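Chain and residue survey
Residues per chain, in single letters:
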Amino acid sequence: MAARLHTGDTVVVITGKDKGKKGKIARILREDNRVVVEGVNLVHRHTRPTPRNPNGGIIEREQPIHASNVMLVDPSTGKPTRVHFKTDDKGNKIRVAKSGEEIVAPKREKK
C-alpha cells in the first residue's frame, strides 16, 4: 500500500483542539497509524531531576496525532487536499493532489 504521507510533508490538522494549525511531519508511526507534527498536540511533561537532566521541570513535547486527522497541503494552492496516485511513464507511483499538481516527496536527511 502506498503512503499518502511522508516525513517532511507539510500538513494541516483538520479536527481536534489544534484544528487549522500547519506543521511539518517529524515522525510517522506506521504500526499505530499516527504522525508527529511539529508544533501540534503539545503536552506538558513533568520530569524529576535525573543525572541526564539535573534540573528537571516541565518539558513541552509533541504527541502523536492520528493520520486521519491531518491533510496534506496542496503545493500550488496552499490549502488542504486529498491525495490520489498515478503512475508515470517509467511505471513509478507518484502522489497527485486533487488540483492535478504532482506532490514531490521531501528529501530525507541522513542521520
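To be clear, the structure that these remarks concern was listed above.
A brief report on the enclosed structure follows. (Residues numbered from 1 in each chain as written. Predicted model: local features only at pLDDT ≥ 70, side-chain atom pairs only at ≥ 80, totals over all residues. Heavy atoms only, no water.)

**Re the nonpolar core**
Which entries qualify depends on this criterion: For the purposes of this section, nonpolar cores are sets of buried Ala, Val, Leu, Ile, Met, Phe, Trp, Tyr and Cys residues that join through side-chain atoms within 4.5 Å. Each residue is placed in one exposure class: buried if its accessible area under a 1.4 Å probe, protein chains only, is under 20% of its type's maximum, exposed if it is over 50%, and partly exposed if it falls in between. In DSSP terms, a helix is any run of H or I states spanning at least four residues, a strand is any run of E spanning at least two, and both are numbered starting from the N terminus. Here a residue-residue contact requires only that any non-hydrogen atoms of the pair lie within 4.5 Å.
Membership of the largest hydrophobic core comes to 14 residues, with the highest contact counts inside it found for Leu5, Val11, Val35, Val37, Ile65, Val70 and Leu72. Put simply, the parts of the chain that give this core at least two residues each are strand 1 (10-13), strand 3 (34-37) and strand 7 (70-73). Those residues in contact with Val37 that sit more than four places away from it in its chain are Val11, Gly23, Lys24, Ile25, Glu62, Ile65 and Val70.

**Observations regarding the pattern of salt bridges**
Between side chains of opposite charge, a pair can form as their charged atoms come close. Quick note on the threshold: Any carboxyl oxygen of Asp or Glu that lies within 4 Å of a side-chain nitrogen of Lys or Arg is treated as forming a salt bridge with it.
By the definition in use, this model includes 2 salt bridges. Two residues, Asp9 and Arg95, come together in a salt bridge whose shortest N-O distance is 2.7 Å. Residue Asp9 is found in the segment before strand 1, and its partner Arg95 is found in strand 10 (residues 93-97); the two are separated by 86 residues along the sequence. Between Asp18 and Lys21 there is a salt bridge; the shortest N-O distance is 3.2 Å. Overall, Lys21 belongs to the partly exposed group, its relative accessible area being 39%.

**Some remarks on the sheet that holds strand 7**
Operational definition: By definition, two strands form a pair when at least two bridges between them are found by DSSP.
Across the sheet, 6 strands lie side by side as 6-3-2-1-7-8; this open sheet has antiparallel pairing. Sheet topology places strand 6 (65-66) and strand 8 (80-81) at the edges, where each strand pairs with a single neighbour. Of the strand pairs in this sheet, strand 7 and strand 8 are connected by 2 bridges, and their pairing is antiparallel. Of the residues in strand 8, the one forming a bridge with Leu72 is Thr81.

**Considering the sheet that holds strand 9 (residues 83-87)**
One open sheet accounts for 3 strands, arranged 9-10-11; its pairing is antiparallel. The sheet is open, and its two borders are formed by strand 9 and strand 11 (102-103), each paired with just one other strand. For strand 10 and strand 11, the ladder comprises 2 bridges, and the chain directions are antiparallel. The partner of Val96 across the bridge, within strand 11, is Glu102.

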